[in-house]
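Notes for the structure review
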Amino acid sequence: MTGPPVTVLLTLKESEALLWGFAMMGDYAHEPPDDETDPVWFLLKAGYQPDQFEAACQRLRPMVLEDFLREPLSDLEKMILRLAVENTSWITTYRTHAPTRDSPLLIREALTALRTLAAKLEDFGIEVNHIPND
């Protein structure tokens, strides 16, 4: 007997982090990856086509805009969610563009969001192996 589909609520910062990742993967799906840390590189290496991950990001976006994630999730969607945490450049924007006096607080808040997001993804069987710049 199976239970109801897993649903997790997201904070605004967690949603912001995921939406950044979707933009980096979905909006730039047809751009050659800059290097081997680019999430698009991992998606291509896994055998996915740009149109596939662009469409998957579009499917995920409405949920995240409403601040939740819910099953069912495809293997591709799970990979996109993992890469949105593990291979994000989102935290870098806080390191390079935050006002100096607010930087420590904003960076700490962003890192906390990535950590809690990684824990929430475990509910879907998604294992995040590292948080960038943590």
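Residues numbered from 1 in each chain as written. Predicted model: local features only at pLDDT ≥ 70, side-chain atom pairs only at ≥ 80, totals over all residues. Heavy atoms only, no water.

**Side note on the layout of surface pockets**
To locate leftover empty space, one rolls a probe as large as a water molecule over the atoms. The following threshold applies: With a 1 Å grid laid over protein atoms only, a set of points is called a cavity when a 1.4 Å probe fits there but cannot get out and a pocket when it is open yet has protein on both sides within 12 Å along at least five of seven lines; lining residues have an atom within 4 Å of a point. Grid points are joined across faces, edges and corners, and a volume is the space filled by probe spheres set on the points. Secondary structure is summarised from DSSP: a helix means a run of H or I of at least four residues, a strand means a run of E of at least two, and numbering begins at the N terminus for each. Ten residues, namely Ala, Val, Leu, Ile, Met, Phe, Trp, Tyr, Cys and Pro, are considered nonpolar, four, namely Asp, Glu, Lys and Arg, are considered charged, and the remaining ones, Gly among them, are considered polar.
Estimates place the volume of the largest pocket at around 350 Å³. Breaking the lining of the largest pocket down by element, the ones donating at least two residues are helix H1 (12–27), helix H2 (39–45) and helix H4 (75–86). Counting residues per element, the lining of the largest pocket draws most heavily on H1, which supplies four residues. A breakdown of the residues in the lining of the largest pocket according to their chemical character gives 11 nonpolar, six polar and five charged.

**Overview of the nonpolar core**
Cut-off, in case you're wondering: Nonpolar cores were defined as sets of buried Ala, Val, Leu, Ile, Met, Phe, Trp, Tyr and Cys residues, with membership established by side-chain atoms within 4.5 Å. The buried label goes to any residue with under 20% of its type's maximum accessible area, the exposed label to any with over 50%, and the partly exposed label to all in between, with areas taken from a 1.4 Å probe on protein chains only.
Counting 41 residues, the largest nonpolar core has Leu18, Leu43, Leu69, Ile80 and Leu81 as the members making the most contacts within it. Secondary-structure elements contributing two or more residues to this core are H1, H2, helix H3 (50–65), strand E2 (68–70), H4, helix H5 (90–97) and helix H6 (103–121). With eight residues, the single largest contributor to this core is H6.

**Looking at the pattern of salt bridges**
Pairing is possible between side chains that carry opposite charge, provided their charged atoms lie close to one another. Cut-off, in case you're wondering: For salt bridges, the criterion is a side-chain nitrogen of Lys or Arg within 4 Å of an Asp or Glu carboxyl oxygen.
A full pass over the atoms with the stated rule returns six salt bridges. For Asp27, the salt bridge is made with Arg61, and the minimal N-O distance between the two is 3.8 Å. A residue pair is termed long-range when its members are at least 10 positions apart, and Asp27 in helix H1 and Arg61 in helix H3 qualify at 34 residues. Assessed through its relative accessible area of 17%, Arg61 is described here as buried. One salt bridge in this structure joins Arg59 and Glu77, with 3.0 Å as the shortest N-O distance. With Arg59 in helix H3 and Glu77 in helix H4, this pair connects stretches of sequence that are 18 residues apart. Residue Glu77 is classed as buried on the basis of its relative accessible area of 8%. Each of the salt bridges in this network shares a partner with another, and the network as a whole consists of Lys13, Glu16 and Glu109.

**Some words on the packing of aromatic side chains**
The following threshold applies: Geometry of aromatic contacts follows a simple scheme: Phe, Tyr and Trp rings, the Trp one being its six-membered ring, pair when their centres are within 6.5 Å, and the pair is stacked under 30 degrees between planes, edge-to-face over 60, tilted otherwise.
One pass over the structure, following the stated rule, counts one aromatic pair. Summarising the aromatic geometry, the rings of Trp41 and Phe42 are spaced 5.1 Å apart at their centres and angled 90° between planes, so their arrangement reads as edge-to-face. The exposure class of Trp41 is partly exposed, given its relative accessible area of 24%. Judged by its relative accessible area of 27%, Phe42 falls in the partly exposed class.

**Considerations on H3**
Where we set the bar: Here, expected helix span is obtained from the residue count minus one, scaled by 1.5 Å. In what follows, a contact means two residues having at least one pair of non-hydrogen atoms within 4.5 Å.
Between its first and last C-alpha atoms H3 spans 22 Å; for 16 residues at 1.5 Å apiece the expected length is 22 Å, and the two agree. For H3, the set of buried residues is Pro50, Phe53, Ala56, Cys57, Leu60, Arg61, Met63 and Val64. Lining the buried residues of H3 we find H1, H2, E2 and H4. Phi for Asp67, located one or two positions after H3, is positive at around 65°.

**Overview of the side chain of Thr88**
To keep it simple, the criterion reads: Whenever a nitrogen or oxygen atom comes within 3.5 Å of another N or O atom, the pair is scored as a polar contact, on the condition that within protein one atom can donate a hydrogen and the other can accept it, and that pairs from neighbouring residues in sequence are kept only if both atoms are in side chains.
Here Thr88 lies in the loop between H4 and H5. Exposure remark for Thr88: the relative accessible area of 9% places this residue in the buried category. Here Trp90 takes part through its backbone nitrogen, which lies 2.9 Å from a polar atom of the side chain of Thr88.

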